[in-house]
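Structural description and commentary
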Protein chains: 2
Amino acid sequence: MTQGHSTRSVADHAALVDRLIRTALSRRGPDTVAVEDAHGRVAHTDLRALIDVPSFRNSQMDGYAVDAAAVAEVPVELDVTGVVAAGDDGGDAHVPGTARKIMTGAPVPRGADAVVPVEDTEAVGGRVRIGRSRRSGEYVREQGSDVRVGDVVVPAGTRLEARHVGAIVAVGHASVAVRPRLRVAVVATGAELVAPGTEPGPGCLYDSNGPTLAAAAIADGAEVTVRTRSTDSAEHFAAVLDDALTRADVVVTSGGVSMGDFEVVRDVLGPRGGTFGHVGMQPGGPQGWTDLDGTPVISFPGNPVSTLVSYLIFARPVLRDLAGLPALRPDDAILVDAVRSIPGKRQFLRGRRTPGGITTSGPGSHLVASLAAADVLVDLPEDTTEVPAGATVRVWPL
Amino acid sequence: MTQGHSTRSVADHAALVDRLIRTALSRRGPDTVAVEDAHGRVAHTDLRALIDVPSFRNSQMDGYAVDAAAVAEVPVELDVTGVVAAGDDGGDAHVPGTARKIMTGAPVPRGADAVVPVEDTEAVGGRVRIGRSRRSGEYVREQGSDVRVGDVVVPAGTRLEARHVGAIVAVGHASVAVRPRLRVAVVATGAELVAPGTEPGPGCLYDSNGPTLAAAAIADGAEVTVRTRSTDSAEHFAAVLDDALTRADVVVTSGGVSMGDFEVVRDVLGPRGGTFGHVGMQPGGPQGWTDLDGTPVISFPGNPVSTLVSYLIFARPVLRDLAGLPALRPDDAILVDAVRSIPGKRQFLRGRRTPGGITTSGPGSHLVASLAAADVLVDLPEDTTEVPAGATVRVWPL
């Protein structure tokens, strides 16, 4: 892909962006986070038990700890020698032929080997009447019966959900090594862009690309460390970029990459080794990339729909994978209306699921409202020129 | 459901918890958040355009603004009267028969009605040679052609994804009214519980329920405003609870609800109007609920698997719905091994998807490791007693 000449395929450009971003993140070591903050992060290593679980022999029920021999024949009445609550130590050793009241989770006294659940008992003064026999081991959780020290509880690469967080706490971790979270800088360019909450002057419009890209990157598991805008001044863009490079693993830009006279991204990054050209897709044809000493700058075109489609096709898959999020898979779906496509370009149409199939909203690059209303991206191959109503097409979830 | 007597169905208890939590949240008004923070929140009202988009007539391409009549016959050479860049005002009115160089997004001069893309032109000194004819309106985006002031861009109830954030910024919003986010207090109880990072004494274990419930509630779109633990002391629990009530819309407790002598949640909340009893399920039978002046306290049993299954069955659906997250749907799946179930109880088994079907890890309430390794919950109806290997069962994603 050279300045405006040859056209690369979508797949080739996606592979390039994937490699650049992975390489950038691979330079960072793991983060260490408290277990309270580990949810949604990805385990850097296998997480092994630091203690046995249970760490002591304990009761699975509220009831009476006994020796099984003493309850072999029932009904039987036993002396109650005390109470063991959760959080107590085990207390004195069990005296065979007696019972000790015990709560769920409390340590089973040494020498006792079964627990009779309270439902099968009746307190009679200082004694207990046991109505049902229990075998040795019943309702007793042995030390290490769930997990032994050193067992892998959560394998490396697992995205930590609530149940994993619970497990790593239970086995003794207070903090955990997790994969670094990709730090993304979002730089929207365009002399016409103004921030939300300001009054746009003549010829100006609100920058929606910056908020869109930032929200998308966060949804895909990245951390957005820089959100900024640049005018079309080369000095301004260079300054914004140099600041972003100090705080991010990857910089994503929008705008300034096509054929106009004031293409600030191309003008500044071209001389710094950037490559700008066309990818065979619509919308989103003009694309660029630059490797600035290991920090990739991925440059999308500036039309709002082109920007978001570029993000979805080139950035989303690698961001989700790095965050341990499942890949989004395409579905087959029926088109309600016939559509046309440009030969030689892979076309992505905004679509909406309806009971009758997918309706599309045309190929324009600027229709913010139709993008908000869409819920799928219809993916038409490069060689497609017409798709009749009722045909099956490939759609990606938005 | 009264103290330990009748048994309620899972569906009845789920409906009760759903109603309590919805009612509690309904007392709060909408939040107003900056558009930068709106991602993942749910629109409180229809979001309408505050401005037209585009807000001014502009060029869809880099090229030359002309009057279509002047390029009706091509090739033709026209005088170039200047340049209009993005962010400029429209400049002087167009003089018919001339051209003005124009950049994508720049205002089209009054009187010009078409843009000839740069690819179809050639600069010749101070003039431009136009090689292709364009009709009136081509490559000109009229003011309001995408959205008109007052149009609904995002309907009430929409969970705001990146594309919605972009749209609401584009139509002029700097902040947005969103549904309040449910504030959840998580209170784990048990004399035996210690915090991660501390050394457990004899008979003690790490509190995994608190971190698990907090992570799950966050994953399901809630805000966790309180994470705390209580011993089995009534004074301590009452103090922890009263603090939690000031900072949360709903309090979720674990432990202290069953048949033992030291059931702090039941002992404290019973006299304050709480209801404690059994729900016909396994694990997770003992359940409680209390309405403290409109703040519900939902009380789950304390065994780690029982706690999480209770959360998944009773809290997750309503939390996800309030956060605008899609409902999780059950699948049908094949069981690898035969399983038994207790008649009269709806049973939830931890299961794991394998190429041959679902493997299960038994009904025990304490197996943290098997829960971490599970990825589905197998849902066996109340009247089931045995399911043969190869049978189809209903499974819920974890």
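All of these numbers come straight from a predicted model, not from anything done at the bench.

To continue, consider the pattern of salt bridges. Residue and element names in this part refer to chain A. Inspection of the entire model under this criterion finds 44 salt bridges over all chains. For R22, the salt bridge goes to D18, with nearest N and O atoms at 2.7 Å. Taken together, the residues span about one helical turn, with R22 and D18 both in helix α1 (residues 10–26) at a distance of four residues. Under the relative-accessibility criterion, D18 is labelled partly exposed at 23%. In this structure, D31 and R28 form a salt bridge, with 3.9 Å as the shortest nitrogen-oxygen distance. Looking at D31, the relative accessible area reads 23%, which means it is partly exposed. A residue is classified by how much of its surface remains accessible, and R28, at 23% relative accessible area, is partly exposed.

What follows concerns the relation of the copies chain B and chain A. Here chain B sits on chain A after a turn of 180 degrees about the axis and a move of 0.0 Å along it, with an RMSD of 0.1 Å. Both copies of the chain, as the preceding transformation shows, are related through a two-fold rotation axis. Proximity to the rotation axis, assessed at the C-alpha, singles out A219(B) in chain B; its C-alpha lies 6.2 Å from the axis. Taken as a fraction of all interface residues of chain B, those also at the interface in chain A reach 99%, which identifies the copy contact as same-surface.

Moving on to the side chain of D62(A). The residue D62(A) is located in the loop between β4 (58–59) and β5 (63–66) in this model. Buried charged residue D62(A) carries no salt bridge. Nearest counter-charge: R266(B), at 7.1 Å. Polar side-chain contacts of D62(A) include one of 2.8 Å to the backbone nitrogen of T104(A). For D62(A), the residues in contact, after removing those within four places along its chain, are I102(A), M103(A), T104(A), V116(A), P117(A), V118(A), E119(A), S258(B), M259(B), G260(B) and E263(B).

The subject of this paragraph is the domain arrangement of chain A. Domain annotation of chain A identifies domain 1 (7–28 + 180–322), domain 2 (31–53 + 145–178), domain 3 (58–141) and domain 4 (331–397). Measuring from the centre of the C-alpha atoms in domain 1 of chain A to the corresponding centre in domain 3 of chain A gives 68 Å.

Another aspect to go through is the environment of P326(A). With respect to the helices and strands, P326(A) occurs in the loop between α6 (304–322) and β23 (331–334). Remark: the alpha-carbon pair of P326(A) and D220(A), spanning 106 residues in sequence, is separated by 9.9 Å.

Our next topic: the packing of helix α2 (residues 162–170) of chain A against helix α3 (residues 209–219) of chain B. Contact geometry for α2(A) and α3(B): axes closest at 8 Å, N-to-C directions at 160 degrees. Judged by the inter-axis angle, α2(A) sits roughly antiparallel to α3(B). Crossing handedness for the pair α2(A) and α3(B): right-handed. Across the interface between the two elements, A162(A), V165(A), G166(A) and V169(A) from α2(A) touch P211(B), T212(B), A215(B) and A216(B) from α3(B).

Definitions and cut-offs
Residues numbered from 1 in each chain as written. Chains lettered and ligands numbered in written order. Predicted model: local features only at pLDDT ≥ 70, side-chain atom pairs only at ≥ 80, totals over all residues. Heavy atoms only, no water. Salt bridge = Lys/Arg side-chain N within 4 Å of Asp/Glu carboxyl O. Helix = DSSP H or I, 4+ residues; strand = E, 2+ residues; numbered from the N terminus. Buried < 20%, exposed > 50% of the residue type's maximum accessible area, 1.4 Å probe, protein only. Least-squares fit on C-alpha atoms with pLDDT ≥ 70 in both. Contact = heavy atoms within 4.5 Å. Lys, Arg positive; Asp, Glu negative; His and termini not counted. Polar contact = N/O pair within 3.5 Å; in protein donor to acceptor, adjacent residues only side chain to side chain. Domains from an automatic or database assignment. Axes fitted to C-alpha atoms, helices over the stretch in contact; angles between N-to-C directions. Parallel < 35°, antiparallel > 145°, perpendicular 65-115°, else oblique. Left-handed = near helix turned anticlockwise from the far one by under 90°.

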